[in-house]
Amino acid sequence: MKYTQLGRTGLKVSRLVLGTMNFGPQTDEAASHAIMDAALDAGINFFDTANVYGWGENKGRTERIIGDWFAKGGERRDKVVLATKVYGNMAPDGDGAWPNHDKLSALNIRRAVDASLKRLQTDHIDVYQFHHVDRSTPFEEIWQAIDVLVQQGKILYVGSSNFPGYKIAQANEIAARRGGTIGLVSEQCLYNLAERRAEMEVIPAAQDYGLGVIPWSPLHGGLLGGVIKKEVQGGRRASGRAADTLADPTARAQIQAYEDLLDKHGLEPGEAALAWLLTRPGVTGPIVGPRTAGQLESAIRAVDLELGEDVLTGLDEIFPGPGPSPEAFAW
């Protein structure tokens, strides 16, 4: 496994991030524990989760699965850089949130941290992430709450997720004015070959403020994982975002061109999509969310996969980025 610094921090993290969103909803506890063991054995030390994972009636279940894995000992917790998130309503789907039981008020942050620590069976969270922008809570209040939690030793670093570039700038400018607060050190954003809008402002803002970029959905819901080839071979059919995209003839032709390019070079689509992200400026490592041990093994191979210039050029031709801001939209 290869490692890098998380943004401007001294924290060393693996170039792949183990996403745990499937633990519980799609992967049972025993299989989830086996995947985490395999990830650790392969050198992956950066694990990502969120308080709402488990979804529906089971929000918090994923954190509990991870907590039970930590409780097995064997230095599991000591070896892991643990990231979780706060923002969402923890009530079962369909039930409204009780006042102050969601978003980023100081009260909810304090409550949510303690609840996550209990489920995760740990005394601290390494990277505590804001899952979404809270338009109702000023950053002065948010940072005051974070300062207290850092002083208490409950969290070490803070990251954002799904933030636009201007909010990254606003958050860190206010943190700098307050003094004593390091501010955001990472940003999780939707970023992959098929969705490159983050290149306009989010990634440049993250680079300017020293945030590590952690792309989520690196295969764009399976669209970049060889979905057409799998259909032809009678394998798992596309669903969700991938199925919606393939229903458009133009988009389907684009994905076919992508698969044809990689087939020509003897490359697996999913591994190439991850390897491409690892070449992108500012990217710490993509989040991979394996449902099976086999999917994890495939993702790990991507770390050592080097894409030739002809492949990179071909990918840019098939999936052209938006270009830098403001040129991309101004002229």
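Okay, so let's go over this structure. All of these numbers come straight from a predicted model, not from anything done at the bench.

Focus: the sheet that holds strand 6 (residues 125-130)
Hydrogen bonds between backbone atoms are what pair the strands of a sheet, whose relative direction is either parallel or antiparallel. The strand order across the open sheet built from eight strands is 9-8-7-6-5-4-3-10, with neighbouring strands paired in parallel fashion. Each edge of the open sheet carries a strand with a single partner, namely strand 9 (212-216) and strand 10 (287-288). Here strand 3 (residues 17-19) pairs with strand 4 (residues 46-48) via three bridges, running parallel. The residue bridging Leu 18 from the neighbouring strand is Phe 47, located in strand 4. Across the sheet, helix 5 (residues 139-151) lies against strand 6, strand 7 (155-161) and strand 8 (184-190), angled at about 150 degrees from strand 7, the strand it touches most.

Section: the side chain of Ser 105
Structurally, the position occupied by Ser 105 is in the loop between strand 5 (81-86) and helix 4 (106-120). At 3.0 Å, the side chain of Ser 105 forms a polar contact with the backbone nitrogen of Asn 108. Discounting chain neighbours no more than four positions away, the residues touching Ser 105 are Asn 100, Asp 134, Thr 137 and Glu 141.

Regarding the environment of Gly 180
By secondary structure assignment, the location of Gly 180 is in the loop between helix 6 (165-178) and strand 8. Residue classification places Gly 180 among the exposed positions, given a relative accessible area of 88%. Residues Gly 180 and Ala 238, 58 residues apart in the sequence, show an inter-C-alpha distance of 48 Å.

What counts and what doesn't
- Residues numbered from 1 in each chain as written.
- Predicted model: local features only at pLDDT ≥ 70, side-chain atom pairs only at ≥ 80, totals over all residues.
- Heavy atoms only, no water.
- Pairing = 2+ DSSP bridges.
- Helix = DSSP H or I, 4+ residues; strand = E, 2+ residues; numbered from the N terminus.
- Contact = heavy atoms within 4.5 Å.
- Axes fitted to C-alpha atoms, helices over the stretch in contact; angles between N-to-C directions.
- Polar contact = N/O pair within 3.5 Å; in protein donor to acceptor, adjacent residues only side chain to side chain.
- Buried < 20%, exposed > 50% of the residue type's maximum accessible area, 1.4 Å probe, protein only.

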